[in-house]
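Chains, contacts and geometry: an overview
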Amino acid sequence: MSQDRYDVIIVGSGAGGGTLALQLAPTGKRILILERGDYLKRERDNWESKAVFVDGKYQAKETWYDRAGDSFHPGLHQVVGGNTKVYGGALYRLREEDFGELAHAEGVSPAWPLGYEVFEPYYTRAERLFHVHGLRGADPTEPWASAPYPYPPVRHEPRIQQLCDGLSRIGHHPYPQPLAILLDEVDGRVSPHSACVRCDAFDGFPCLTNGKADAQIICVDPARAYPNVTLLTGALVERLETDASGRTVTGVHVVRNGERQVYAADIVAVAAGALSSALLMFRSASEAHPNGLANGSDLVGRNYMRHNNSAFMAISREPNDTVFQKTMALSDFYFGADDYEFPLGEIQMIGKSHGEQVRAEALPKALGFFPDWPFEQLAQHSLDFWVMTEDLPRPDNRITLDRDGRVILDVTPTGDEPHRRLRHKLQGLLGAIDAHPHLLERSLYLGKNIPIGGTAHQAGTMRFGPDPENSVLDLNCRAHQLDNLYVVDAAFFPSIGAVNPTLTIIANALRVADHLAERLGASPDRAVSATSTSAAAAMAAPATDTQG
């Protein structure tokens, strides 16, 4: 049993936990980061489609259950940097309207208790911290911003530029995706000093060259350069213990290397991901908190959101020789369309399909149209899209533990009609530009709905708000019922919009870090300084699996 005491313990090292650690590191306060996994191994399989997508080599091996009792493996990555190690790096601001109440066909997306103007300066800091490449003003739904993107947009390759030109000609507004990427291009060519090499293994893959701006590279490794920051890997946080009153977390119970350890801190910040953070609250039930820690409102684990997502291939007779495909997006239908008054969502290009993915996912439909084409040839002729619509918060969409300790994820997705309509819009757009000689001649759409195990955009299990009766966390993301427990992952979201949530997680972690620096009696200026110095530190910090 450890007798160490810290000023701050952070559970999880992903977008929220890593950002919080980096921002508090310059304060000099003793910080302990507890990460369940280890550093993700750098190896050739990082870039192998079969290993990553078909075999799920880097996914957690946990088994969860749906409400029918059927088992599945959640798409979680328990490594230093969390899910950002394999994310696509698409860092979007929620639209300004997303912070207000929005009517949908199936109900209302609730207003946030704080408006966009509160988050805007933190969005700006988050974009700078994570090296976001983008272009202000190109996206017609983009909210106002106090600064340009810190880096220029990632250039389109010729086939994607043709696609953009074709969409523009028919009156639409394709724009460069805002990407968190350590890419240096000079005169349209990758610099010899660039960490990113513009390969075809960015979106969904771990990055073998550390060219992805993920939480490990940008936050955790630079934070470890401070002598007051300690990272313990392989540290499963079993439960949080409180004093008899239930108002203060007094112990963080950890299993590490087969041994049970207890750590204590003035502040405990949980950032294990919206689903795992809620499970930790349930495992921490006590006499003072019989329904789970911080669960006096009975909202812990409820209102789970994850977006309504589909990945699509459009296969044409013309080959697509694009290597780095994830550069274009389209938001024209975000808030609706001429034939539909409710929001639809976002269309994005994703990483290029590989033959092994086609073999695993697309075989039955593909062979009906192209019976003589091998899988690799199908992949070479694909254009690949991600279609995303908003998932509304519903109390019955929840994660729980049953009496046997099994994890139950009960989800009824919302937004089927807008999702179907947005898919139809994509099909119509591609069909409308088929006449262009270098674009699609004939298309096959291979839709793949993301199943219940797809948890990349998990959010909403501990929403924040001013009223303890209808929220779990206060406006500073402190648990209403506890004095020293904070949550800094996407659990705090009241709604999720229809864009990737990671930038909002990062921005909120920066906001909470300012609050905690003040609470700890540290200078906020010292904490903020980490944002501007992390890039250099990321390049210099050792990427090893040692602790300390």
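Every chain's residues receive numbers from 1 upward, in the order its sequence appears when written. A pLDDT threshold of at least 70 governs which residues receive local features in this predicted model, and a stricter bar of 80 or more applies before side-chain atom pairs are shown or counted, although totals over entire chains, interfaces and linings include all residues. Hydrogens and water molecules were not included; the side-chain quantities draw on all heavy atoms of the structure.

**Here's the deal with the overall build of the protein chain**
Check the secondary structure of the protein chain and you find 12 helices and 23 strands. Relative accessible area decides the class of each residue, using a 1.4 Å probe on protein chains only: under 20% of the type maximum gives buried, over 50% gives exposed, and in between gives partly exposed. The buried share among the 548 residues of the protein chain stands at 61%. With residues, only the protein chains shown are counted as cover, and all accessible areas are computed by Shrake-Rupley using a 1.4 Å probe. Entry remark: accessible area of the protein chain is about 20800 Å², with carbon and sulfur atoms responsible for 49%. By definition, any uninterrupted DSSP run of H or I lasting at least four residues is a helix, any uninterrupted run of E lasting at least two residues is a strand, and each is numbered from the N terminus.

**A word on the pattern of salt bridges**
Whenever a carboxyl oxygen of Asp or Glu lies within 4 Å of a side-chain nitrogen of Lys or Arg, that contact is scored as a salt bridge. Within this structure, the stated rule accounts for 27 salt bridges. Its salt-bridge partner being Glu 157, residue Arg 198 comes within 3.3 Å of it at the nearest N-O pair. Of this pair, Arg 198 sits in the loop between strand E11 (189-190) and helix H5 (215-224) while Glu 157 sits in the loop between strand E7 (132-133) and helix H4 (158-169), placing them 41 residues apart in sequence. For Arg 198, a relative accessible area of 6% translates into the label buried. By relative accessible area, which is 11% here, Glu 157 ends up buried. The salt bridge involving Asp 483 is made with Arg 519; its shortest N-O contact spans 3.0 Å. With Asp 483 in the loop between strand E22 (444-449) and strand E23 (485-487) and Arg 519 in helix H11 (residues 502-519), this residue pair connects regions lying 36 residues apart in the sequence. Arg 519 gets classed as partly exposed once you look at its relative accessible area, which sits at 34%. Here the salt bridges do not stand alone but share partners, grouping Arg 93, Glu 120, Glu 127, Arg 136 and Glu 142 into one network.

**Focus on the confidence of the model for the protein chain**
The pLDDT value expresses, per residue, how confident the predictor is, ranging between 0 and 100. When the pLDDT values of the protein chain are averaged, the result is 88; 86% of them are 70 or greater. The low-confidence segment residues 362-372 (pLDDT under 50) makes 17 contacts with residues lying over four places distant or belonging to another chain. Contacts between residues were defined by any pair of non-hydrogen atoms, one from each residue, lying within 4.5 Å. The low-confidence segment residues 435-448, where pLDDT is below 50, has 51 contacts with residues more than four positions distant or belonging to other chains.

**Concerning unusual backbone geometry**
Positive phi values are uncommon outside glycine, yet Asn 303 reaches one of about 60°. By the element assignment, Asn 303 lies in the loop between helix H6 (274-283) and strand E16 (308-315). With a relative accessible area of 5%, Asn 303 lands in the buried category. Here the phi dihedral of Cys 477 falls at roughly 65°; this positive angle occurs in a residue that is not glycine. Of the residues examined, Cys 477 reaches a relative accessible area of 0% and is grouped as buried.

**Here's the deal with helix H10 (residues 416-432)**
An α-helix turns once per 3.6 residues; consequently, residues spaced three or four apart project the same way. A helix is expected to span 1.5 Å multiplied by its residue count minus one. Over its 17 residues, H10 runs 24 Å from end to end, which matches the ideal 24 Å to within 8%, given 1.5 Å per residue. Taken together, the buried positions of H10 are Pro 418, His 419, Leu 422, Lys 425, Leu 426, Leu 429 and Leu 430. Considered in projection along H10, the buried side chains sweep an arc of 125° and stay on one side of the axis. In H10, the exposed positions that point more than 90 degrees away from the buried face belong to Asp 416, Arg 420 and His 424. The directions from the helix axis to the C-beta atoms form the arc being described.

**Regarding the packing of helix H3 (residues 116-129) against H11**
Fitted lines through C-alpha atoms serve as axes, helices being fitted only where they are in contact, and the angles separating the N-to-C directions of these axes extend from 0 to 180 degrees. Packing of H3 against H11 brings their axes to within 8 Å, and their N-to-C directions diverge by 110°. Between H3 and H11, the interaxial angle falls into the category roughly perpendicular. When H3 is examined against H11, the residues Val 118, Phe 119, Tyr 122, Tyr 123, Arg 125, Ala 126, Glu 127 and Leu 129 are found in contact with a partner set consisting of Leu 503, Thr 504, Ile 506, Ala 507, Asn 508, Leu 510, Arg 511 and Asp 514. Here the term charged refers only to Asp, Glu, Lys and Arg, the term nonpolar to Ala, Val, Leu, Ile, Met, Phe, Trp, Tyr, Cys and Pro, and the term polar to all other amino acids, Gly among them. Class assignment of the residues belonging to the contact of H3 with H11 gives a composition of 10 nonpolar, two polar and four charged. In these notes the angle categories are as follows: under 35 degrees is roughly parallel, over 145 is roughly antiparallel, 65 to 115 is roughly perpendicular, and the rest is oblique.

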